[in-house]
Each structure stands twice: as C-alpha cells, then as structure tokens.
Amino acid sequence: MRNKIGYTYLILATFGLSLVVSCSDDDPVPLRDPSKSSVENQVINWDAVADSIQTATYDSYIGSEGTFNASIGTGVYGNYWPNAHGLHILVDAYIRTGDATYLSKMKNLLVGIETKNGGTYSNVFNDDMLWLGNACVRAYNATDDIKYKEVAEFLWNDILLSYSEVLGGGITWKKDTPNLKNAVSNGPAIILAMRLYELDANPEYLDWAKKLYAWEKEHLVDPQTELVWDNIKLEDNGDIVIQKDWIFTYNLGTWIGAGLRLYNATGEQNYLDNSLRAGRSLLKSPELTTNGILKDEGQGDGGLFKGVLIRYFTELIMQDNISEADRGEFLKFFEFNAATFYKHGLSHPGMLSSPDWRNAPKGATDLTTQLSGVMLVEAAAKLELEGYFED
C-alpha cells in the first residue's frame, strides 16, 4: 500500500532512555522507558523530507564532471566509493519519484566517476568497485539503460581476479593485498553476484555467491551473534589473525543483504535464519548501537557505514517470510533511529547530517556522512510509501 501522508511516531512506546542513571552509553539493550523518551510525538512526511534532503545534497555537494565533492565549498572530488553511493541515492530518488531529471544526474555521475578515475572503472580497491557495481545494477533495473549493466559486468569480472585460495578463499580487500581478505570485499561481492544472477539467471553467479557466502560465514562471522568481523590476514610469519575487535555497521548490513538474496533465490532457510539472527543482534549490540541508536562511527569513511546498513536492514524489514514479531521489533528500531535523526541529527533548514544521529551536526558535514542521512531518509520514505508505518 502506498500512502503519501505522514505518520505519527509513537516513540513513547518504543525506544527511550533508561531510568537507571548508572547505565553507560554502551548498554547492550536498547532500553525502553515511556516516561523518558527523547523523541516526542511528531508527524513526519518522509516523502517530502526525502525530496528536501536530495535537493540539498545535490546542490551542496555537486562538483565537476557530474560527481560529488568531498565536502561543501572545497571543490575536492569525493573519491570513488562515496560517489558510487551517490549513484545509489540518485537511483533511490528516481525509483521513488519517477522524476526524469534524475536520469541525467545518474548518467553524468557514472561517466564522471570514470573520468575522475583516469578513464577507467578499474580500481585497486575491490570494495570501491563493488559498491559501484551494485549501484549500477540497481540503475539498470530502474532505467533499462544497458550502459549500467555493462559497467556492472566489467566490475564483477575485474574483482574476480582478486579471488584466491589464500586463507581458504575469498576476495582480497585490494588487488595488492593478497594476504588480506575483508568483509567489505566479500559481502558486497555476494550481493553483486546475486543481482547479476537475477538479471540473466546465469548459474555461475549463483555458484560464486554461495561459495563466497560459505567462506565469509566460516571465517568472518561470529557463530554466536552473527556479527561480522572486519578482516582476516595471513601474517608474514604464517600466523592467521582475524580482526574481531573491528565490528562495523556496514559489514553487518551487507551480510544481511547477502543472506536475503540467497534465500530468495534458493529457498534455503539457513540463509534467512542468518540474516534474521544478524538483525536481532543489531538491536542489542553495544558494538553497533548506543541507547537504541546506531552508533556514531565518525565522519570520513565511517560516516557512510550506517547508510549501507540501513539499506539492507530495510530489505530485512520488507522480507515476506519473517514473523510479524520480528518485523515489529525491526520497525520500532528503525522508526526510533529515523525520528531521532530527523529531530536531533539533521539540521533545519540546511538538511545536513550529523554522524551522531542523536545530536546536531558540528562543523562541516562531509559527503560520506551526508549520504548516510540521505539513505536513512530514503529508506523511511520507502517504508512510508509502502504502508509499513501504518497502524
């Protein structure tokens, strides 16, 4: 169901601050206390907010060659992977609105990324290419413009050159790090393989997705919580080290998205169960949340992490074959984060995002941080328009 009107956030019945004053910011449970909610009842028309933040972002960050700058007023290119996510948000807006003005913005950005990258889409960072490949498949699905599909296929074939049996399999983080394999170069690879499989039903894509998923599950996923460790490395002395202390929102997001796609394609329940377990852990993880809000991971690269998580967490909310109890808990968490961001973490009227969704932005907002805000708002608009926020 599509519903253009705003909805009322009854946050008084969802997430809030604890009465126990001794609780730390890293309390492992998103506490609920109706008398201490930090977000009062309010009506937010997310469709309208999405239009506003898209316009502000484009006008503030657009630079030469149709690409986005790293920050406002500097004229400095925002680099490959943030611009890849810039394509994602333009696709979000085009799908939501059908506004043809987004078509030229999308195409100019795609061409501009190639120009800024020395006349090629190939990059030493495999994850950078994977973000763009995933955005390109979405753009192709939305427009039927074959250029996007061609770029996605080129990028897929390029990243596959970095697969090896070192550490049992997996894609390296960079082309020149043969002994370092990261979640960020494997979770998105599974998703891209599945997106390409959905286009042509080529079984090779499905085989690759299954293979990479099994490898990541074995090496980089906590079997107790389904939280995702950042990387595994073969040291010069032969030791194998897993970086378990680095747990980031975006790695959990791509793991959720990978499992959902494999479940939808195969019907194998373990894929959905893994994504659900990851989603449930997110709600109470002190590594990823602070009092029920996705954690501040700073600006720079970290500014984009929450937006990636939100994209795939929204898919989990919309997954047909989950219980209404799970969906309800996921929605509460999402609504609390979105409403908190709108009231506290988004400047008005400037529509600039804070890396801390509980507090107003301080100083300059860089492109990565702004993109996460746009992704959150677009996800809220999608859920609103599809009727998920209706009582």
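Reading guide: rules and limits
Residues numbered from 1 in each chain as written. Predicted model: local features only at pLDDT ≥ 70, side-chain atom pairs only at ≥ 80, totals over all residues. Heavy atoms only, no water. Helix = DSSP H or I, 4+ residues; strand = E, 2+ residues; numbered from the N terminus. Contact = heavy atoms within 4.5 Å. Areas by Shrake-Rupley, 256 points an atom, 1.4 Å probe, with all protein chains shown as cover. Core = buried A, V, L, I, M, F, W, Y, C linked by side-chain atoms within 4.5 Å. Buried < 20%, exposed > 50% of the residue type's maximum accessible area, 1.4 Å probe, protein only. Polar contact = N/O pair within 3.5 Å; in protein donor to acceptor, adjacent residues only side chain to side chain. Pairing = 2+ DSSP bridges. Axes fitted to C-alpha atoms, helices over the stretch in contact; angles between N-to-C directions. pLDDT = per-residue confidence, 0-100. Salt bridge = Lys/Arg side-chain N within 4 Å of Asp/Glu carboxyl O. Parallel < 35°, antiparallel > 145°, perpendicular 65-115°, else oblique. Left-handed = near helix turned anticlockwise from the far one by under 90°. Nonpolar A, V, L, I, M, F, W, Y, C, P; charged D, E, K, R; others polar. Expected span 1.5 Å × (residues − 1).

### Remarks on the overall build of the chain
So, point 1. The helix and strand inventory of the chain stands at 12 helices and seven strands.
So, point 2. Residue pairs at least 24 apart in sequence account for 67% of intrachain contacts in the chain once pairs closer than 6 positions are excluded.
So, point 3. Here the chain has roughly 15,200 Å² of accessible surface; of this, 51% comes from carbon and sulfur atoms.

### Concerning the nonpolar core
So, point 1. Of all hydrophobic cores here, the largest spans 115 residues; its most connected members are Leu132, Phe313 and Phe334.
So, point 2. Here this core gets 10 residues from one element, more than from any other, and that element is helix H12 (residues 367-385).
So, point 3. For Phe313, the contacting residues outside a window of four places in its chain are Leu282, Leu283, Phe330, Phe333 and Phe334.

### Brief notes about unusual backbone geometry
So, point 1. Look at the link from His348 to Pro349: it is a cis peptide, with omega at 10°.
So, point 2. Even without a glycine there, the phi angle at Asn291 is positive, about 50°.
So, point 3. The residue Asn291 is located in the loop between strand E6 (289-290) and strand E7 (293-294) in this model.

### As for the side chain of Thr365
So, point 1. In this fold, Thr365 is placed in the loop between helix H11 (324-345) and H12.
So, point 2. Residue Thr365 is classed as buried on the basis of its relative accessible area of 4%.
So, point 3. Engagement of the side chain of Thr365 in a polar contact is seen with the backbone oxygen of Ser353, the distance being 2.9 Å.
So, point 4. Excluding residues that lie within four positions of it along the chain, Thr365 makes contacts with Tyr61, Ser71, Gln299, Leu352, Ser353 and Gln370.

### Brief notes about the sheet that holds strand E3 (residues 180-182)
So, point 1. A sheet is described by the order of its strands in space; here three strands give the open sequence E3-E4-E5, paired in antiparallel fashion. The open sheet terminates on both sides in strands that have one partner only, identified here as E3 and strand E5 (240-242). Averaged over all adjacent pairs, the angle separating strand axes in this sheet is 10°, with direction ignored.
So, point 2. Sheet analysis places strand E4 (residues 231-234) next to E5, joined by three bridges and oriented antiparallel. Each bridged residue has a counterpart across the sheet, and for Lys233 the counterpart in E5 is Val241.
So, point 3. Along the sheet face, helix H7 (residues 203-220) touches E3, E4 and E5 and points at about 80° away from the line of E4.

### Overview of the pairing of E4
Successive side chains on a regular strand alternate, one facing one side of the sheet and the next facing the other.
So, point 1. Judged from the three bridges that link them, E3 and E4 form a sheet pairing that is antiparallel. Along E4, the bridge assignment pairs Lys181 with Ile232.
So, point 2. Counted along the chain from E4 to the antiparallel partner E5, the turn is five residues long, and its residue Gly238 has a positive phi close to 95°.

### Looking at the confidence of the model for the chain
So, point 1. Averaged over every residue, the pLDDT of the chain is 91; the share at 70 or more is 89%.
So, point 2. Every residue in residues 1-40 is under pLDDT 50, and counting partners more than four places away or in other chains gives 95 contacts.

### Notes on the pattern of salt bridges
So, point 1. Taken as a whole and judged by the stated rule, the model has 17 salt bridges.
So, point 2. Notably, a salt bridge pairs Glu378 with Arg96, separated by 2.8 Å at the nearest N-O pair. Linking Glu378 in helix H12 with Arg96 in helix H2 (residues 80-97), this pair joins segments that are 282 residues apart in sequence. A single burial state applies to Glu378 and to Arg96, both of which are buried.

### Observations concerning the packing of helix H6 (residues 187-200) against helix H8 (residues 249-266)
So, point 1. Relative to each other, H6 and H8 sit at 30°, their axes nearing to 8 Å. Relative to H8, H6 is oriented roughly parallel. Classified by chirality, the crossing of H8 by H6 is left-handed. Across the interface between the two elements, Gly187, Pro188, Ile190, Ile191, Met194, Arg195, Tyr197 and Glu198 of H6 pack against Thr254, Gly257, Ala258, Arg261, Leu262 and Ala265 of H8.
So, point 2. Per-class residue counts for the contact of H6 with H8 are eight nonpolar, three polar and three charged.

### With respect to the packing of H2 against H12
So, point 1. In contact at an axis separation of 10 Å, H2 and H12 are set at 25° when each is read in the N-to-C sense. Considering their axes alone, H2 and H12 lie roughly parallel with respect to each other. The way H2 lies across H12 gives a crossing that is left-handed. Here Pro82, Asn83, His85, Gly86, Ile89, Asp92, Ala93 and Arg96 of H2 lie close against H12, whose contacting residues are Leu367, Thr368, Leu371, Val374, Met375, Glu378, Ala381 and Leu385.

### Some words on H12
So, point 1. End to end, H12 covers 26 Å across 19 residues, agreeing with the expected 27 Å (1.5 Å per residue, within 8%).
So, point 2. Within H12, 18 of the 19 residues are buried, leaving the element largely enclosed by the surrounding structure.
So, point 3. Immediately beyond the C-terminal end of H12, within one or two residues, lies Gly387, with a positive phi of roughly 85°.

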